[in-house]
Amino acid sequence: MGDYHYHHFLSSMAGVGGQPNQSPLEGPPQMSHQPQVLAMGGHGPPMPNPYQSLGYFTGFPEPIMFNAPKSQRSRRKSAPGLDHIKHRRTRSGCFTCRSRRVKGKRECLYPEPAPPKGSGGSTSKESSSTAPSQQASPTSSRGDDDDDDDRDSKLEPIMDEDEEEPQSTTSTTAPMFPLRRSSTTSSFGLQRVPTGYRYDSETPSFDGNKSSSPLSTGTATAQSHRPDWTFLPHELQFYLGYFYENITHYHYGLISDAGDFFRTTLVGLALRNEALLYAIVAFSAYHHALHNPHGRINEFLQYYNHSVNNLLECLKRKEKYSIATLLTILQLATIEEYLGDWVNLMGHQKAALEIFTQLFTPQTIMQSQTGRAALTWYGRFDLFVAIMGSFETTLPREWYLEAATYHDSCTAAEPDSVFWKFEACSAKMQLISMEMAMLYARRVKEEVTAEDFAAEHQRLSRCLDDWKNGWDPALVDPSHLVTDFSGSRAPDPNDIVNPFTSGALFQPPLFPSTVLTASYHSMSLLHDSQSGIRPTGEAKDKLREHAYKIYQIFEAVEFWSHSPPGGLIALQSALAVAALYVQRDPRHQMWIRRKFVLLEAMGYIFPATMRVRMAELFADDTCTRWWLPNDEGFPPLLQNIRAYADERNAMAATTQRDTVQQIRHVFSRMNIREAARKAAEN
């Protein structure tokens, strides 16, 4: 991949060339009832990571340039003097052999028995929340009658090692398993959209909640069409079903979701691309484990490792880049963000940038729903890293300007569409954020005078306020403000805000206004903190107001019983910025720390660098290990995830030195000393 050796980066993550002590398909080693955790901040003894033996960090494989292309490798021949026995192809083989398309010499993981006839093929949140168990390799063959099982029509035959592999199986764009076709399914295994609607619909789902609002969301009103994945093994169906029912665009930190992209288009593409499929399944398994009282992370690790290895194989074959490759990298980057691993996230970001510039121009990427979604997805990573680290964005201004211009034109063409209004607001915010990042980077590199910096800083402050004040009235329609908090808990005397005050929370389809409002306040805090001017009394009051608006929004979303799934995840970055301005008394600080516990319980692990910064702010080194005293709210599963994430970060320090140097600047721009002084003056 050009000058950036992404395949080497993936190898360091997956350990594909090593000989692990235990197959990752077998799950992690048995842990004690109270597992130890990594010592952080000098508290407690060092801990051996329980996942070291999984083989995720066993180093690089042999140099890829010396691997012979598949077409040049000689097939294994039968030994002289022995009759060659042609083995029957089987459909009852294990997943390991099937994914490698060859039998034998590997640890085997067998599929779930087919469900009884008449039972549903997919699993939703109304079904059992228990993940499908995975059987150990049987000790004896089931015989030829296996071919009569119902699953035979769903699983592809496994090739013998000396069989010629069909050309169609060498590409990751082909489905893992043969698709069951019918007159109502497309080539992607997706239910066909009824006549009169288009599959690449511009209609958003927003939150997945029905609303009687008369607001228009676009020209089409067709409901989302769930992809058909019934040909997949049972456990993959389970996790895709969980993804479809429980994961939203808010889990990806995005404001809105064009045409229900994540649940339909993204999953539809994954059904044709194994690396993308397993990346999505891994993300779903991760969230399922966190919401399961008996959840473990070994299934997530298994699927994650499968995705990384499959992507690596694709790169080894030097296949032509596709949009599915780009989306796989973005999905893996999202997983890294959840694990608090911004070092590996930036590794994915570099690879995604190269694919972006090869597949698209700023103009062509706007011509499809998938391209626009990918740009917004990537742009979020690009802008966060740039602003927090005072770097230049990797995408030039033209990309963000083209997105803003495109969505403005769509708003003009469909003035009644609230969806296009949200997309235009979000694109404009990304453009302003990009210009802020470029200004901060120029100051760090001393490419701008103090006078010019101050003038541009003031201009961007006005742009940000004009953006917020210029929202279309339809996006802040007071009839959609949440005023009924019945069923919520009684106010807590230790609360620092009143979450039930009207005006902080919008109900669907205007919930994105809630997230955009929090984004406005957090960007205002970040921008004002970069001014370099000692704040006046009036400026301090303004900073307090921004911070407390974020606190109120966050807690209102937390306690409103109808908040969309992932709504708090979409607010986490705003809360992290606002936390710098919390008052320095125990009540305020403990409130913030409990919100961090809530977010980590949802799977969003804060980076170690950020935890160190917050420990400085709170003057409490124990925060680098956990947010609350005595491990309150720190269950074994979360301790294991933290240990795994911290081990990954430690390994990155030796394998990705350049990226580590860059990531040290991320969060370092959070001026803890100045923020603490301002908080103390509140």
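Residues numbered from 1 in each chain as written. Predicted model: local features only at pLDDT ≥ 70, side-chain atom pairs only at ≥ 80, totals over all residues. Heavy atoms only, no water.

The chain is annotated in an unreviewed UniProt entry as C6 finger domain protein of Podospora pseudopauciseta. Under the UniProt heading Subcellular location (unreviewed entry), the note attached to the chain is "Nucleus". (UniProt positions renumbered as here; feature names shortened; annotations may be inferred.)

Draft legend 1. Representation of the packing of helix α12 (residues 450–469) against helix α13 (residues 511–529). With their axes 11 Å apart at the nearest point, α12 and α13 run at an angle of 170° to one another. By the criterion of interaxial angle, the relationship of α12 to α13 is roughly antiparallel. The hand of the α12/α13 crossing is left-handed. Side by side, α12 and α13 meet where His457, Leu460, Ser461, Leu464, Asp465, Trp467 and Lys468 of the first sit next to Leu516, Thr517, Tyr520, Met523, Ser524, His527 and Asp528 of the second. (Axes fitted to C-alpha atoms, helices over the stretch in contact; angles between N-to-C directions. Helix = DSSP H or I, 4+ residues; strand = E, 2+ residues; numbered from the N terminus. Parallel < 35°, antiparallel > 145°, perpendicular 65-115°, else oblique. Left-handed = near helix turned anticlockwise from the far one by under 90°. Contact = heavy atoms within 4.5 Å.)

Draft legend 2. Local environment of the pattern of salt bridges. Under the definition given, this model contains 22 salt bridges. In this structure, the salt-bridge partner of Glu456 is Arg459, at a minimum N-O distance of 2.7 Å. Taken together, the residues Glu456 and Arg459, both in helix α12 and three residues apart, mark about one turn of the helix. Taking the shortest distance from any N to any O, the salt bridge between Asp631 and Arg625 comes out at 2.4 Å. Residue class for Asp631 comes out partly exposed when judged on its relative accessible area of 28%. Take Arg625: its relative accessible area is 18%, and that puts it in the buried class. Shared partners join several salt bridges into a network, and the residues in it are Arg397, Glu435, Glu456 and Arg459. (Salt bridge = Lys/Arg side-chain N within 4 Å of Asp/Glu carboxyl O. Buried < 20%, exposed > 50% of the residue type's maximum accessible area, 1.4 Å probe, protein only.)

Draft legend 3. Quick peek at the environment of Ala424. Turning to its location among the elements, Ala424 is positioned in helix α11 (residues 418–444). Judged by relative accessible area, which is 10%, Ala424 ranks as buried. Separated by 18 residues in the primary sequence, Ala424 and Tyr406 have C-alpha atoms spaced 8.2 Å apart. Apart from residues no more than four positions distant in its own chain, Ala424 is found in contact with His407, Asp408 and Thr411.

Draft legend 4. Representation of the packing of aromatic side chains in the model. A complete count under the given rule lists 31 aromatic pairs for this structure. Between Phe419 and Trp420, the ring centres sit 4.7 Å apart and the planes meet at 50°, which makes this aromatic pair tilted. Judged by relative accessible area, Phe419 falls into the buried class, the value being 0%. Judged by relative accessible area, Trp420 falls into the buried class, the value being 3%. In this structure, Arg226 is placed above the aromatic ring of Tyr244, and the distance from its NZ or CZ to the ring centre is 5.2 Å. The residue whose ring lies beneath Lys468 is Trp471, and the NZ or CZ to ring-centre distance is 4.4 Å. (Phe/Tyr/Trp six-rings, centres within 6.5 Å; stacked < 30°, edge-to-face > 60°. Lys NZ or Arg CZ within 6 Å of the ring centre and 35° of its normal.)

Draft legend 5. Structural context of unusual backbone geometry. Note that the residue after Pro508, namely Pro509, is joined by a cis bond; omega there is 5°. Turning to its location among the elements, Pro509 is positioned in the loop between α12 and α13. For Ala619, which is not a glycine, the phi torsion comes out positive at approximately 55°. Its place among the elements puts Ala619 in the loop between α17 (608–618) and α18 (636–655). Given the relative accessible area of 62%, Ala619 is considered exposed.

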